[in-house]
Amino acid sequence: MKNRRVEEDNMGSEGSGVVSKRQRLDEQFSASGIENPLVPYNDVDDEEEDFERGKTANGGGKVEENRGQVVAAENGEGEDEEEEEEEDLYGEDNSLEKRKSQFEPREDCPYLDTVNRQVLDFDFEKFCSVSLSNLNVYACLVCGKYYQGRGKKSHAYTHSLEAGHHVYVNLRTEKVYCLPDGYEIIDPSLDDIRHVLNPRFTRDQVKQLDTNRQWSRALDGSDYLPGMVGLNNIKETDFVNVTIQSLMRVTPLRNFFLIPENYQHCKSPLVQRYGELTRKIWHARNFKGQVSPHEFLQAVMKASKKRFRIGQQSDPVEFMAWLLNTLHANLRTSKKNNSIIYECFQGELEVVKEIPNKAITEKKENGDIFTETSRMPFLMLGLDLPPPPLFKDVMEKNIIPQVPLFNILKKFDGETVTEVVRPRVARMKYRVIRLPQYLILHMQRFKKNNFFIEKNPTLVNFPVKNLELKDFIPLPMPKEIERLRSKYDLIANIVHDGKPNEGFYRVFVQRKSEELWYEMQDLHVSETLPQMVALSEAYLQIYEQQQ
């Protein structure tokens, strides 16, 4: 009995020694910022932000869990016998040094030669391929798949053991780790992967974009022009692609979104995804010569409540109007109703509305007509095409009608009357009183009736350069200091080909550094002549004001 009692006393004293030893270790490692080696490795990153986020979300539950694990270890549960023997043989300090060196950053990772840049694609949503979670996601740099976490119970850790793939990058922090060892890899040869994951531009680089004539080379050996890369048509998303390619030619808008600090105050996913897409399109160090707008499309579907979605063809004019208005609503400051969108595209109209007395019941002025004058801001101008001829010519071929752009611009001369029936019957007169820096013109080709959609095939004859508006529509005289800027150059022209319900969209855009024109249809990008731009069925155009 006495011997047993002595043994229990010795065990109790050893247990208290273990407790005090663990307390000292906890204090020592919490002060140094290294994870306590006695606590089993967590599924969550040991980075400070993730730990704080988990601690806040769980109300301190993570701390209690770790404390419970320590208590369990004190009771002999889950204790690693080999570590215990090492502590007995080599002492506590040696074991700690081993654990420290295990997770210290290293520059001599033996698995760097397994990284396969050919399979890396960061254009898709950052979701784990197993759990479909978007928290703490890593990309395997050997096979390109996404996995969650890097702890011992995580999917990335399991993949590293099963597939023998050891190099992973955190898609949020851009840190690279070796699994299952768990140490961070510090190597400048991985910087090109970080630049593809999150392209960066300095303000000096942004200023030089329009003067750069240098081609870039993808990993497969193909050449591409930064800013002139094709966009994947995921499924009937050509209406999005032509809109994005057109807006990429608007220099102030492009420059604004190339620097994330300009919109870091904005939490809108649509704004952030549009900025990422802009940086990827203009990046000169891409691994491939095209970009997939998958993440941007997901943000569009969510923000538009599936009004625009993958797999359903939509109108680029409607999408352009929605996108500009939504970006403005997210970017505008609380004090001023202004944004980069309004600075680029907003002009102003004077609208004179003449309503017959039959259409109103309250006011009766100017005899039989009530006149109302108002000012209305605009982001794009809609132009009415003349109706196509109903008869064939003597050669039994359909006549292809043509109309000069200046004729349909007369709608905004302040004298031409436009009849409207909604919301009430009225006669409208429009006059431009403020021109925007970038003028968007929309040819109204499609008309819906009760049975089907009709397309007007009329060709619009327009100048590619030097569109002088003051010769055709009256413009307000500028102030004494200012000069009237009414001359515009075409920079983008969206075209619709085919039948109304079965056709597709393509776009002609200008590359400013060489003043060359390119035809872009999804992944297809080819140089073309300016004369070919003018021969197309123009649907939406963007003109840039000459400075």
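Note that the coordinates shown come from a computational prediction; the quantities given were computed from them, not determined experimentally.

Caption draft 1: The layout of surface pockets, seen in detail. Empty space within the second largest pocket amounts to approximately 1,000 Å³. Considering the residues around the second largest pocket, the lining is formed by 28 residues, among which Lys 126, Arg 172, Arg 273, Glu 276 and Glu 295 are closest to the centre. Among the secondary structure elements, those contributing two or more residues to the lining of the second largest pocket are α11 (269–281) and α12 (294–303). The residue inventory of the lining of the second largest pocket, partitioned by class, reads 10 nonpolar, 7 polar and 11 charged.

Caption draft 2: Structural view of α11. Under the 1.5 Å per step criterion, the end-to-end length of α11 is 18 Å for 13 residues, consistent within 8% with the ideal 18 Å. Among all positions in α11, only Leu 270, Val 271, Tyr 274, Gly 275, Leu 277, Thr 278, Arg 279, Lys 280 and Ile 281 are buried.

Caption draft 3: Inspection of the packing of helix α10 (residues 251–258) against α11 at higher detail. Direction vectors running N to C along α10 and α11 enclose 105 degrees, while the axes themselves pass 8 Å from each other. Taken together, the axes of α10 and α11 are roughly perpendicular relative to one another. For the pair α10 and α11, the contacting residues are Leu 253, Arg 254, Phe 257 and Leu 258 in the first and Val 271, Tyr 274, Gly 275, Thr 278 and Arg 279 in the second. Partitioned by chemical class, the residues of the contact of α10 with α11 number 5 nonpolar, 2 polar and 2 charged.

Caption draft 4: Region of interest: empty space enclosed by the protein. A full pass over the atoms with the stated rule returns 5 cavities of 30 Å³ or more. Taken together, 14 residues make up the lining of the largest cavity; nearest its centre are Asp 210, Arg 254, Trp 282, Arg 511 and Lys 512. Counting residues per element, the ones that place at least two in the lining of the largest cavity are α10 and β21 (504–511). Grouping the amino acids of the lining of the largest cavity by side-chain chemistry returns 5 nonpolar, 4 polar and 5 charged. Each pocket or cavity is described by its volume, and for the second largest cavity that value is around 80 Å³.

Caption draft 5: Structural view of a positive patch on the surface. A contiguous patch of positive charge on the surface is contributed by Lys 470, Arg 483, Arg 485 and Lys 487. Relative to the elements of secondary structure, Lys 487 occurs in strand β20 (residues 487–497). Taking relative accessible area as the criterion, Lys 487 reaches 31% and is therefore assigned partly exposed.

Caption draft 6: A look at the side chain of Glu 519. For Glu 519, the position within the fold is in strand β22 (residues 516–521). In this structure Glu 519 touches Arg 506, Val 507, Phe 508, His 524, Val 525, Ser 526 and Thr 528, once residues within four positions along its chain are discounted.

Caption draft 7: Geometry of the packing of aromatic side chains. Inspection of every chain in the model, using the stated rule, returns 16 aromatic pairs. When the centroid spacing of 5.6 Å and the interplanar angle of 55 degrees are considered together, the rings of Phe 308 and Trp 322 count as tilted. With Phe 308 in the loop between α12 and α13 (316–331) and Trp 322 in helix α13, the pair connects residues that are 14 residues apart, well separated along the chain. Both residues of the pair, Phe 308 and Trp 322, count as buried. Here a set of aromatic residues connected by ring pairs shows up, and it is made of Phe 256, Phe 257, Tyr 263, Tyr 274 and Phe 296. One residue, Arg 150, lies across the ring of Tyr 177, its end atom 3.7 Å from the ring centre.

Definitions and limits used
Residues numbered from 1 in each chain as written. Predicted model: local features only at pLDDT ≥ 70, side-chain atom pairs only at ≥ 80, totals over all residues. Heavy atoms only, no water. 1 Å grid on protein atoms, 1.4 Å probe; cavity = no way out; pocket = protein on both sides within 12 Å on 5 of 7 lines; lining within 4 Å. Points joined across faces, edges and corners; volume = space filled by probe spheres on them. Helix = DSSP H or I, 4+ residues; strand = E, 2+ residues; numbered from the N terminus. Nonpolar A, V, L, I, M, F, W, Y, C, P; charged D, E, K, R; others polar. Expected span 1.5 Å × (residues − 1). Buried < 20%, exposed > 50% of the residue type's maximum accessible area, 1.4 Å probe, protein only. Axes fitted to C-alpha atoms, helices over the stretch in contact; angles between N-to-C directions. Parallel < 35°, antiparallel > 145°, perpendicular 65-115°, else oblique. Contact = heavy atoms within 4.5 Å. Patch = residues over 30% accessible without salt bridge, like charges linked within 9 Å, V, L, I, M, F, W, Y side chains within 5 Å. Areas by Shrake-Rupley, 256 points an atom, 1.4 Å probe, with all protein chains shown as cover. Salt bridge = Lys/Arg side-chain N within 4 Å of Asp/Glu carboxyl O. Lys, Arg positive; Asp, Glu negative; His and termini not counted. Charge placed at Lys NZ, Arg CZ, Asp CG, Glu CD. Phe/Tyr/Trp six-rings, centres within 6.5 Å; stacked < 30°, edge-to-face > 60°. Lys NZ or Arg CZ within 6 Å of the ring centre and 35° of its normal.

Keep in mind that these numbers describe shape and distance, not what the molecule does.
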